[in-house]
Amino acid sequence: LERNKINKLRKKSLKGTEKFLQVLKLSGNPLKSIENGTFAKHESIKQLYLDDTNLGENIQKASLHGLEKIRQIDLSLNKISLIENEAFRGLEITFQSIDISSNQISTMSKCIFERFPHLNGMRLGNNPLQCDCRLVWLYNWLKLHHPDFSRSMLDWVCAGPAHIKQKPFRLLQLNDFGCTNRTENETC
């Protein structure tokens, strides 16, 4: 369904595909919204491509409900600036790869990906990352749980603060974030 003129997904848009649909490519559609419950019965979807769809600024928690078995999602090129803490809730066990590159993401809460043991790929390049205390959790999380994430991080570049502007994320040191212990203890 790539590059059509689909601008909204409703609950009944994918009716009849619930049991066998494994890969859904909606790339390049002028998709403005996904009705809550659209994917509620689509447990067989393993890959979802929503890149270049103009989804808007926020990824909300109910939009992806029902995709508990999804392994890979592409949300690149969507002007996303905020991902809600619960946006990927329910996907913790199977979720392996996400592409959120080429958006407007400057920071993310640690609560978004805190419980994803199988996440082994995250594309985050071409976003205006503010590599300050709000992203120190990502640095620590990657070092602790995903030391081989370096391939995914090749194009992650800090847009600020000024002292590390244009510095690759993978080359940062803990002191580059300029944090105190109180800012690292965000609770989810």
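Our subject in this report is the structure included herewith. (Residues numbered from 1 in each chain as written. Predicted model: local features only at pLDDT ≥ 70, side-chain atom pairs only at ≥ 80, totals over all residues. Heavy atoms only, no water.)

Some details on the overall build of the protein chain
Then, in step 1: When its secondary structure is counted, the protein chain shows two helices and eleven strands.
Then, in step 2: Put simply, the protein chain runs from its N terminus to its C terminus through helices and strands in the order β-β-β-β-β-β-β-β-β-β-α-β-α.
Then, in step 3: The buried share of the protein chain, reckoned over its 188 residues, is 43%.
Then, in step 4: Entry remark: accessible area of the protein chain is about 10100 Å², with carbon and sulfur atoms responsible for 47%. (Helix = DSSP H or I, 4+ residues; strand = E, 2+ residues; numbered from the N terminus. Buried < 20%, exposed > 50% of the residue type's maximum accessible area, 1.4 Å probe, protein only. Areas by Shrake-Rupley, 256 points an atom, 1.4 Å probe, with all protein chains shown as cover.)

Quick notes on the pattern of salt bridges
Where charged atoms of side chains with opposite charge meet at close range, the side chains can pair.
Then, in step 1: Counted according to the given criterion, the structure contains six salt bridges.
Then, in step 2: In this structure, Lys167 engages Asp176 in a salt bridge whose closest nitrogen and oxygen atoms are separated by 3.2 Å.
Then, in step 3: Owing to a relative accessible area of 12%, Asp176 belongs among the buried residues under this scheme.
Then, in step 4: Through salt bridges that share partners, Glu86, Arg89 and Glu92 make up one connected network. (Salt bridge = Lys/Arg side-chain N within 4 Å of Asp/Glu carboxyl O.)

Quick look at the sheet that holds strand 8 (residues 97-99)
Then, in step 1: Strand order in the open sheet made by the five strands is 2-4-6-8-9, with parallel pairing throughout. Two strands close off the open sheet at either side, each with one partner strand: strand 2 (23-25) and strand 9 (121-123). Taking the axes of each pair of neighbouring strands and ignoring which way they run, one obtains an average angle of 0° across the sheet.
Then, in step 2: Two elements, strand 6 (residues 72-74) and strand 8, share three bridges in a ladder whose sense is parallel. Residue pairing across strands places Asp74 opposite Asp99, the latter belonging to strand 8. (Pairing = 2+ DSSP bridges. Axes fitted to C-alpha atoms, helices over the stretch in contact; angles between N-to-C directions.)

Looking at the side chain of Asn103
Then, in step 1: Mapped onto the fold, Asn103 is located in the loop between strand 8 and strand 9.
Then, in step 2: Here the side chain of Asn103 touches Ile100 through a polar contact of 3.0 Å, landing on its backbone oxygen.
Then, in step 3: Setting aside residues no more than four positions away along its own chain, Asn103 makes contact with Leu75, Ser76, Leu77, Asn78, Lys79, Ile80, Asn126, Asn127 and Pro128. (Polar contact = N/O pair within 3.5 Å; in protein donor to acceptor, adjacent residues only side chain to side chain. Contact = heavy atoms within 4.5 Å.)

Things to note about the packing of aromatic side chains
Then, in step 1: Scanning all chains against the criterion turns up eight aromatic pairs.
Then, in step 2: Taking the centre distance of 5.5 Å and the plane angle of 20° together, the rings of Phe88 and Phe95 count as stacked.
Then, in step 3: Overall, the relative accessible area of 1% leaves Phe88 in the buried class.
Then, in step 4: Residue classification places Phe95 among the buried positions, given a relative accessible area of 0%.
Then, in step 5: Centre to centre, the rings of Trp137 and Trp141 are 6.2 Å apart; their planes meet at 50°, and the pair counts as tilted. Of this pair, Trp137 and Trp141 both sit in helix 1 (residues 136-145), four residues apart, which is roughly one turn of the helix. (Phe/Tyr/Trp six-rings, centres within 6.5 Å; stacked < 30°, edge-to-face > 60°.)

A few points about the state of the cysteines
Then, in step 1: For the coordinates displayed, the defined rule picks out two disulfides.
Then, in step 2: Shown here is the disulfide that connects Cys131 with Cys158, its sulfur atoms set 2.1 Å apart. Taking the sign of the S-S torsion, -95° for the link of Cys131 and Cys158, the bridge is left-handed. With a gap of 27 residues between them, Cys131 in the loop between strand 10 (129-130) and helix 1 and Cys158 in strand 11 (residues 158-160) connect regions that are remote in the sequence. Across this residue pair, the class does not change: Cys131 and Cys158 are buried. (Disulfide = S-S within 2.5 Å.)

Focus: the environment of Leu1
Then, in step 1: Structurally, the position occupied by Leu1 is in the segment before strand 1 (8-9).
Then, in step 2: Taking C-alpha positions, Leu1 is 5.3 Å from Leu26, a pair spaced 25 residues apart along the chain.
Then, in step 3: In contact with Leu1, other than residues within four places in its own chain, are Ile6, Leu24, Lys25, Leu26 and Asn29.

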